[in-house]
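Residue-level structure breakdown
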Amino acid sequence: VPSATNARYQSNLKRDVIGALLAGQAAGLIMAAAMVAVFTLVLGAAWYHPVQVIGSFALGDAALPGIFFLPAFLTGLVIHQSVAAAWALFFAWLINKVPRKAGNVLAIGLATGVASQILDGTLVVPALMNYLHGHNLWAENVPLVWSWVAHLVFGLSFLVFLPIREALRRRSIGSGMGARS
């Protein structure tokens, strides 16, 4: 028979994972919007270019024809949001170990953003791009400073976790998940 403490832990874990996944999707979209703004306003490129660059991971050079290319854009969006979901699980794993306070969410969000830049932007993507396509389309199209800025925006955007988690907590009252967090 599960104890009340174990049930509360399971409720908190469930809210942390669902909340983090929702926050991760929001953070991924906020990051994409930031990159669209940078590419358009600062770099003078087309608004769709950063998302199509992500699509080039699967489609190679064909994703970057110099015009809007819906298959590359959709591929980039799916890849981007899938990676955001994976990082959201990392965030959930960490946040579940500490009190859910703004300072902890900020620190863990920033750590997630930094880790995603180092792992994805510095280690995994360059190696896989070179292996799959013979060159690193990400590095050729996204200045390193803006890649870092985007990943820090991603991490900061996890602050949406707190209101999302609170909404999940409120909805769970009376549903067997318990009202406490």
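You'll find the structure just up there.
Reading guide: rules and limits
- Residues numbered from 1 in each chain as written.
- Predicted model: local features only at pLDDT ≥ 70, side-chain atom pairs only at ≥ 80, totals over all residues.
- Heavy atoms only, no water.
- Helix = DSSP H or I, 4+ residues; strand = E, 2+ residues; numbered from the N terminus.
- Buried < 20%, exposed > 50% of the residue type's maximum accessible area, 1.4 Å probe, protein only.
- Contact = heavy atoms within 4.5 Å.
- Lys, Arg positive; Asp, Glu negative; His and termini not counted.
- Charge placed at Lys NZ, Arg CZ, Asp CG, Glu CD.
- Expected span 1.5 Å × (residues − 1).
- Phe/Tyr/Trp six-rings, centres within 6.5 Å; stacked < 30°, edge-to-face > 60°.
- 1 Å grid on protein atoms, 1.4 Å probe; cavity = no way out; pocket = protein on both sides within 12 Å on 5 of 7 lines; lining within 4 Å.
- Points joined across faces, edges and corners; volume = space filled by probe spheres on them.
- Nonpolar A, V, L, I, M, F, W, Y, C, P; charged D, E, K, R; others polar.
- Core = buried A, V, L, I, M, F, W, Y, C linked by side-chain atoms within 4.5 Å.
- Patch = residues over 30% accessible without salt bridge, like charges linked within 9 Å, V, L, I, M, F, W, Y side chains within 5 Å.
- Areas by Shrake-Rupley, 256 points an atom, 1.4 Å probe, with all protein chains shown as cover.
- Salt bridge = Lys/Arg side-chain N within 4 Å of Asp/Glu carboxyl O.

For the rest of this paragraph, the subject is the overall build of the protein chain. In terms of regular secondary structure, the protein chain is built from seven helices and zero strands. Going from the N terminus to the C terminus, the protein chain shows its helices and strands as α-α-α-α-α-α-α. Counting only C-alpha atoms, the protein chain reaches 60 × 30 × 25 Å along its principal axes. For the protein chain, the residues scored as buried account for 36% of the 181 residues in total. Sequence separation of at least 24 residues holds for 69% of the intrachain contacts in the protein chain that already meet a minimum separation of 6. Of the side-chain charges in the protein chain, 11 are positive and 5 negative, and the distance between the mean point of each set is 25 Å.

This next bit is on helix H3 (residues 70-95). In this model H3 runs 36 Å from its N-terminal to its C-terminal C-alpha over 26 residues, within 8% of the 38 Å that 1.5 Å per residue would give. Among all positions in H3, only Ala72, Phe73, Gly76, His80, Gln81, Ala84, Trp87, Ala88, Phe91, Ala92 and Ile95 are buried.

This part takes up the packing of aromatic side chains. Scanning all chains against the criterion turns up ten aromatic pairs. With a centroid separation of 5.5 Å and an interplanar angle of 50°, the aromatic rings of Phe68 and Phe73 are classed as tilted. On the accessibility criterion, Phe68 (36% relative accessible area) is partly exposed. Note on Phe91 and Phe158: the rings are 4.4 Å apart at their centroids and 20° apart in plane angle, and the pair reads as stacked. Here the residue Phe91 occupies a position in helix H3, and Phe158 occupies one in the loop between helix H6 (144-156) and helix H7 (161-172), the gap between them amounting to 67 residues. The same class applies to Phe91 and to Phe158, which are both buried.

If you walk through the whole model with that rule in mind, you get one cavity of 30 Å³ or more. By volume, the largest cavity is sized at about 70 Å³. Looking at the lining of the largest cavity, the elements that each hand over two or more residues are helix H1 (4-42) and helix H2 (49-59). Here the element with the most residues in the lining of the largest cavity is H1; it accounts for four residues. In terms of residue class, the lining of the largest cavity is built from eight nonpolar, one polar and no charged.

The subject of this paragraph is the nonpolar core. If you look at the biggest cluster of nonpolar residues, it comprises 25 residues, and the most contacted ones within it are Phe91, Ile95, Trp138, Val142, Phe154, Phe158 and Phe161. Sorting the residues of this core by element identifies H1, H2, H3, helix H4 (102-133), helix H5 (137-141) and H6 as the ones contributing at least two each. If near-sequence neighbours (up to four positions away) are discounted, Phe154 is found in contact with Gly24, Ala27, Gly28, Met31, Ala84, Trp87, Thr112, Gly113 and Ser116.

To continue, consider a nonpolar patch on the surface. A grouping of Ile118, Leu119, Leu123, Val124, Leu128, Tyr131 and Leu132 is seen on the molecular surface, where their side chains present a nonpolar patch of about 650 Å² in accessible area. Among the structural elements, Ile118 can be located in helix H4.

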